[in-house]
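Observations on the three-dimensional arrangement
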Amino acid sequence: MNDCLFCKIIKGEIPSSKVYEDEYVFAFNDIDPQAPTHILVIPKEHITSAAEIDESNSKVVSKIFEAIAKIAKENNFENGFRVVSNIGESAGQTVKHLHFHILSGRDMTWPPG
Ligand code: 5GP
Ligand code: ZN
């Protein structure tokens, strides 16, 4: 049994506001946006985090970044955007399915908190 929230979103068992989908990738608006645009980009394959990427599954990462570039072009992010992946508890990962946040539409600080 797969209790993963993002796997359920991919299957449509939990509704989401879809932004993009292809054979490998699903992207949808974050339910609690931290910027005017806040999109989550995830692989359809369940991978726990970026720390679990290896030769057997790394193709999805290139597909994710192809999708990110398409989404960025479609949304015409004028002043740039940020891509973030939190890995593990101290980095703030709350959902254990690999995901990349796309944030845009406001100025951002560096380093992040
Ligand atoms: P993390 O904290 O693991 O880096 O990011 C998880 C993200 O998933 C958070 O930004 C959170 O707002 C988002 N999230 C959690 N549950 C849901 C949900 O049911 N639907 C959507 N669209 N986003 C969710
Ligand atoms: Zn999953």
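Procedures and definitions
Residues numbered from 1 in each chain as written. Chains lettered and ligands numbered in written order. Predicted model: local features only at pLDDT ≥ 70, side-chain atom pairs only at ≥ 80, totals over all residues. Heavy atoms only, no water. Donors = N, O, S within 2.8 Å, 3.2 Å for Na, K, Ca; no water. Helix = DSSP H or I, 4+ residues; strand = E, 2+ residues; numbered from the N terminus. Buried < 20%, exposed > 50% of the residue type's maximum accessible area, 1.4 Å probe, protein only. Phe/Tyr/Trp six-rings, centres within 6.5 Å; stacked < 30°, edge-to-face > 60°. Near = heavy atom within 4 Å. Polar contact = N/O pair within 3.5 Å; in protein donor to acceptor, adjacent residues only side chain to side chain.

Considerations on the coordination of the zinc ion (ligand 2)
Here the zinc ion (ligand 2) is held by the protein donor atoms Cys4 (SG), Cys7 (SG), His46 (ND1) and His97 (ND1), which lie 2.0 to 2.3 Å from it. In primary-sequence terms, the residues that donate to the zinc ion (ligand 2) follow C-x2-C-x38-H-x50-H. With Cys7 in helix 1 (residues 5-11) and His97 in the loop between strand 4 (81-84) and strand 5 (100-104), this residue pair connects regions lying 90 residues apart in the sequence. Taken individually, Cys7 and His97 each receive the classification buried, so the pair is uniform in this respect.

Quick look at the packing of aromatic side chains
Scanning the model with the defined rule gives four aromatic pairs in all. Ring geometry for Phe6 and Phe28: centres 5.4 Å apart, planes at 80°, overall edge-to-face. In this pair, Phe6 sits in helix 1 while Phe28 sits in strand 2 (residues 25-29), placing the two residues 22 residues apart along the sequence. Grouping residues by exposure puts Phe6 and Phe28 together as buried. Taken together, a centroid distance of 5.3 Å and an interplanar angle of 50° make the contact between Phe77 and Phe81 tilted. Given a relative accessible area of 38%, Phe81 falls into the partly exposed group. Members of the aromatic cluster, connected to one another through ring pairs, are Phe6, Phe26 and Phe28.

Looking at unusual backbone geometry
Note that the residue after Trp110, namely Pro111, is joined by a cis bond; omega there is 0°. Along the chain, the position of Pro111 falls in the segment after strand 5. Of note in this structure, Asn76 is not a glycine but carries a positive phi near 50°. Tracing the backbone shows Asn76 in the loop between helix 2 (59-75) and strand 4. Overall, Asn76 belongs to the exposed group, its relative accessible area being 53%.

Here's the deal with the site of ligand 1
Around ligand 1, 16 residues are found, and the nearest of them are Asp30, Asn86, Thr94, His99 and His101. A distance of 3.3 Å separates a nitrogen atom of ligand 1 from a polar backbone atom of Ile31. Between ligand 1 and His99, the relevant distance is 2.9 Å, taken from an oxygen atom to a side-chain nitrogen or oxygen of the residue. Mapped by element, the contributors of at least two residues to the shell around ligand 1 are helix 1 and strand 2.

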